[in-house]
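Structural description and commentary
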Amino acid sequence: MSSSSTSNPASQRLTFRRPTPEDAAFYLKLMNEPDYIRFITDHGIRSEADALSYIEAKSLARFEKHGVGLWVFEITESTTPVGVCGLVVRDGLDYPDLGYGFLEAFRGKGYAREAGQAVLEFAQSELNLKTLCAITDPENTKSSRLLEKIGFVQNGQKDLAEIGEISDYFIWRSA
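Let me begin by describing the structure that accompanies this report. From a predicted model like this one, the values you see are computed outputs, not experimental measurements.

1. Considerations on the packing of aromatic side chains
The full count for this structure, using the stated rule, is six aromatic pairs. Judged by centre distance (6.2 Å) and plane angle (45°), the rings of Tyr-27 and Tyr-54 are tilted. Of the two residues, Tyr-27 is situated in helix α1 (residues 24–30) and Tyr-54 in helix α3 (residues 48–66); the sequence distance between them amounts to 27 residues. Assessed through its relative accessible area of 1%, Tyr-27 is described here as buried. Ring centres of Trp-71 and Phe-122 lie 5.3 Å apart, and the angle between their planes is 80°; on these two criteria the pair is classed as edge-to-face. Of the two residues, Trp-71 sits in strand β2 (residues 70–75) while Phe-122 sits in helix α4 (residues 111–125), which places them 51 residues apart along the sequence. Among the residues examined, Phe-122 registers a relative accessible area of 4% and is labelled buried. A network of ring pairs unites the aromatic residues Phe-26, Tyr-27 and Tyr-54 as a single cluster.

2. What to know about empty space enclosed by the protein
With the rule as written, the count across this model stands at one cavity of 30 Å³ or more. Its volume calculated, the largest cavity comes out at about 30 Å³. Looking at the largest cavity, the residues that line it are Tyr-27, Met-31, Tyr-36, Tyr-54, Ser-59, Leu-70 and Val-84.

Scoring rules and cut-offs
Residues numbered from 1 in each chain as written. Predicted model: local features only at pLDDT ≥ 70, side-chain atom pairs only at ≥ 80, totals over all residues. Heavy atoms only, no water. Phe/Tyr/Trp six-rings, centres within 6.5 Å; stacked < 30°, edge-to-face > 60°. Helix = DSSP H or I, 4+ residues; strand = E, 2+ residues; numbered from the N terminus. Buried < 20%, exposed > 50% of the residue type's maximum accessible area, 1.4 Å probe, protein only. 1 Å grid on protein atoms, 1.4 Å probe; cavity = no way out; pocket = protein on both sides within 12 Å on 5 of 7 lines; lining within 4 Å. Points joined across faces, edges and corners; volume = space filled by probe spheres on them.

Functional significance is not addressed by these values, which are geometric in nature.
Given below as structure tokens:
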């Protein structure tokens, strides 16, 4: 993966972009949603200042180091941020990890599937990646079903130090 990549995934209804400091309120809301805390993690973000620090130290740093990270995705018509979706390079995983999280208010509209599919297509066409992985909390059956719908196959479990607990492990391979 090239750190010089400036293009972003794209889909019919969604626009993807790198996070900016102006996304602090959105990150604060997203990262304090009950399912985000339950199934992803509690980053301890309790203020917009905390969110801004996270954007700068984690989100943008991933893009700088690996050329990929979690893009903010928005409804193109309204530029309303819906969630984050992208690729995370993690110690302990052999492949980039498809990661995502989105606001509860936008569930059931197909945005998560569309975002995940857009990132897969981008990974294949722009980054020439042939294999990706994904991890989920074993109790997050909705996320597991979504991964399977976009072509991932469950492949056991992983215990990652970065996560601190056992995760279901999925693999995706390009056709």
